[in-house]
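For reference, the chains in residue letters:
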Amino acid sequence: MNKTNLFKLLALLVAVSMVLSACGGGGGGTSSEPSAGGQKVTSTGFVCPEPNPRIEVTSKELNIFVWTEYFPQDMLDCFEMVYGVKLNRDEYSSNEEMYAKVSAGGTSYDLVQPTDYIVNLMIRQDLLQELDHSKLPNMGNLDPNWMNKDFDPGNKYTIPYLAGTDAIVYNADTVKDPPQSWADLWKPEYAGRMIFLDDSRVVIGMTLLTLGYDPNTTDPAQLNEAKAKLAQLIPNVKVFDSDSPKTALIAGDVDLGVTWTGEAFIAHQEKPSISYIYPKEGAILWQDNWVMLKGASHADAAYAWMNYLLQGDVFWLTVRDFPYINPNTAALEYAKANQPDIYKAYFESPITNPPAEAITNGHGIKDVGDATPLYDAIWVEVKGSN
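Residues numbered from 1 in each chain as written. Predicted model: local features only at pLDDT ≥ 70, side-chain atom pairs only at ≥ 80, totals over all residues. Heavy atoms only, no water.

**Side note on unusual backbone geometry**
We count it as follows: Secondary structure is summarised from DSSP: a helix means a run of H or I of at least four residues, a strand means a run of E of at least two, and numbering begins at the N terminus for each. Per-residue accessibility, obtained with a 1.4 Å probe over protein chains only, is compared with the maximum for each type, and a residue is labelled buried under 20%, exposed over 50%, and partly exposed between these values.
For the bond running from Asn-52 to Pro-53, omega is 0 degrees, close enough to zero to count as cis. Within the secondary structure layout, Pro-53 lies in the loop between helix H1 (3-22) and strand E1 (61-67). Despite not being glycine, Asp-126 shows a phi value in the positive range, around 60 degrees. Among the structural elements, Asp-126 can be located in the loop between helix H4 (116-124) and strand E4 (128-129). You can call Asp-126 partly exposed: its relative accessible area is 47%. Here Asn-155, not a glycine, exhibits a phi torsion of approximately 50 degrees, which is positive. Position of Asn-155 relative to the elements: it lies in the loop between E4 and strand E5 (159-171).

Spelled out as structure tokens, the structure:
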């Protein structure tokens, strides 16, 4: 072979090698770019941390059923890249929607993401399997204050994802007399200007609080009283949205309403006139969790996914993209050391770092057992009639 042909062959081999390297990555076809150290890099330029420790995985896919608008894309892409596992993700907008689908059977989900109060119901219905903590060494990164909750003593079935509050949001440019309590939302001047979460337990719960009742009451008389009062409010709500309630607020389609921590924080960042108020009766407190369904077909990949997310150098991405109350101390420490501006915005905001009294005065939504159909009936009848 002469030198000219040899150089052409070498050039061809180099070109092929570069193409193969650029197309490398995990399952699902997620592309990455090589870095100097051979690391995986997402399309945004984020360098994926290596699993620490790496969990042995033979599964080629993982099926998760999760809340909408809740995951940094870099986190999803990195898991696929570093483990070579295809991540299949379906989304829901309410616990009730999730529970109805899972309890009906016929799904292939490995992991779902219930809020605290629905966990007990899923346990009673024998939908969950206990977690093997030995396969989750990074659980030590979680703040003990978010562990061992009454809905799952000892975290037999759950590990925390994110937490937060439901409270009142308003645009200070357009609402000159902002509400200070849940009861204020019934004021006539707010009619047709409000956005609410499409969440039966939150909305019924706040109504019960305005009447001086427990938001988890099982008393039929108290629930009937709340139903009558709620019927007066529902026609005044312009939009019910649990997918992206911040969108209507930022666009100016609504002026005030009820939303979650993270949505309020992001809305405030984009439009500083949007403010968040903890109502006098007390905010609603919540915690979302990972659980593994019984019969999960890809348990090894599920443990790899949960353990990877628990890494501080991975989970800090939620502080950047979905700033809810973060129960992962390693993630907060990583953000503080490596992303000080993002950490400062999170730490100094009373939305993501609520005052102690807001937590003390808050109310958790709990499993109401046999009274659950009463709550469902109220929501269907009152909301459905408008």
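After that view, the rundown keeps rolling.
**A look at the pattern of salt bridges**
This is how it is decided: Note on definitions: salt bridges are taken to be side-chain nitrogens of Lys or Arg within 4 Å of carboxyl oxygens of Asp or Glu.
The full count for this structure, using the stated rule, is 13 salt bridges. The shortest N-O distance in the salt bridge between Lys-246 and Glu-69 comes to 3.1 Å. Here Lys-246, found in helix H7 (residues 245-251), pairs with Glu-69, found in the loop between E1 and helix H2 (73-83); they are 177 residues apart in sequence, far enough to count as distant. Residue classification places Lys-246 among the buried residues on the basis of a relative accessible area of 10%. Accessibility expressed as a relative area gives 35% for Glu-69, which makes it partly exposed. Three or more residues are tied together by salt bridges with common partners; here these are Glu-69, Lys-246 and Glu-263.

**Structural notes on the state of the cysteines**
Our working definition: Counting rule for disulfides: a pair of cysteine sulfur atoms within 2.5 Å.
In the structure shown here, the tally under the stated rule is one disulfide. With a sulfur-sulfur separation of 2.1 Å, Cys-48 is cross-linked through a disulfide to Cys-78. Torsion about the S-S bond of the Cys-48 and Cys-78 cystine: about -80 degrees, corresponding to left-handed handedness. Residue Cys-48 is located in the loop between H1 and E1, and its partner Cys-78 is located in helix H2; the two are separated by 30 residues in the primary sequence. We note that Cys-48, like Cys-78, is buried.

**Looking at the pairing of strand E2 (residues 86-92)**
Under the convention used in this document: Strand pairing follows a simple DSSP-based rule, namely that at least 2 bridges must link the two strands.
Pairing between E1 and E2: seven bridges, direction parallel. Each residue of the ladder has a partner; that of Glu-61, found in E2, is Lys-86.

**Side note on the pairing of strand E8 (residues 256-260)**
Among the five residues in E8, five count as buried, and that is most of the element. Neither face of E8 is open: one carries Leu-256, Val-258 and Trp-260, the other Gly-257 and Thr-259, and all of them are buried. As paired strands, E5 and E8 are joined by five bridges and run antiparallel to one another. In the sheet register, Asp-166 faces E8, and the bridge partner there is Trp-260. By the bridge criterion, two bridges tie strand E6 (residues 194-196) to E8 in an arrangement that is parallel. By the bridge assignment, Ile-195 is partnered in E8 with Gly-257.

**Details of the confidence of the model for the protein chain**
Going by this rule: What pLDDT conveys is the predictor's confidence in a given residue, as a value from 0 to 100. Should any heavy atoms of two residues lie within 4.5 Å, those residues are counted as being in contact.
Summary statistics for the protein chain give a mean pLDDT of 91 and a share of 90% for residues scoring 70 or more. Of the regions scoring below 50 in pLDDT, residues 1-32 engages in 31 contacts with residues more than four places distant in sequence or in other chains.

**Points about the packing of aromatic side chains**
Here is the rule: Each Phe, Tyr or Trp ring (for Trp, its six-membered ring) is paired with any other whose centre lies within 6.5 Å, and the angle between the two planes then decides the class: stacked below 30 degrees, edge-to-face above 60, tilted in between.
In this structure the tally under the stated criterion is 24 aromatic pairs. Measuring from centroid to centroid gives 6.4 Å for Phe-46 and Trp-316, while their planes differ by 50 degrees, and the two rings are tilted. Placement of the pair is Phe-46 in the loop between H1 and E1 and Trp-316 in helix H10 (residues 312-321), with a sequence separation of 270 residues. Judged by its relative accessible area of 14%, Phe-46 is buried. For the pair Phe-240 and Trp-379, a centre-to-centre distance of 5.9 Å together with 90 degrees between the ring planes defines the contact as edge-to-face. Here Phe-240, found in strand E7 (residues 237-240), pairs with Trp-379, found in helix H14 (residues 372-384); they are 139 residues apart in sequence, far enough to count as distant. Owing to a relative accessible area of 11%, Trp-379 belongs among the buried residues under this scheme.

**Regarding H2**
It helps to recall that an α-helix has 3.6 residues per turn; residues three or four apart then point in one direction. With ten of its eleven residues buried, H2 lies for the most part within the structure. Considered for burial, the residues of H2 that qualify are Asp-74, Met-75, Leu-76, Asp-77, Cys-78, Phe-79, Glu-80, Met-81, Val-82 and Tyr-83. Immediately beyond the C-terminal end of H2, within one or two residues, lies Gly-84, with a positive phi of roughly 65 degrees.

**Digging into H14**
We count it as follows: To estimate the expected span of a helix, count its residues, drop one, and scale the result by 1.5 Å.
Under the 1.5 Å per step criterion, the end-to-end length of H14 is 18 Å for 13 residues, consistent within 8% with the ideal 18 Å. As for H14, its buried residues are in contact with helix H5 (200-210), helix H6 (220-233) and E7.

**Re the side chain of Asn-95**
Tracing the chain through its elements places Asn-95 in helix H3 (residues 95-103). Residue classification places Asn-95 among the buried residues on the basis of a relative accessible area of 1%. Not counting residues within four places of it along the chain, the set of residues in contact with Asn-95 comprises Trp-67, Pro-114, Thr-115, Tyr-117 and Ile-118.

**Some details on the side chain of Thr-115**
Defined as follows: Whenever a nitrogen or oxygen atom comes within 3.5 Å of another N or O atom, the pair is scored as a polar contact, on the condition that within protein one atom can donate a hydrogen and the other can accept it, and that pairs from neighbouring residues in sequence are kept only if both atoms are in side chains.
Inspection of the secondary structure puts Thr-115 in the loop between strand E3 (111-112) and H4. Given the relative accessible area of 6%, Thr-115 is considered buried. At a separation of 2.5 Å, a polar atom in the side chain of Thr-115 contacts the side chain of Asp-288. Apart from residues no more than four positions distant in its own chain, Thr-115 is found in contact with Trp-67, Asn-95, Trp-286, Gln-287, Asp-288 and Asn-289.

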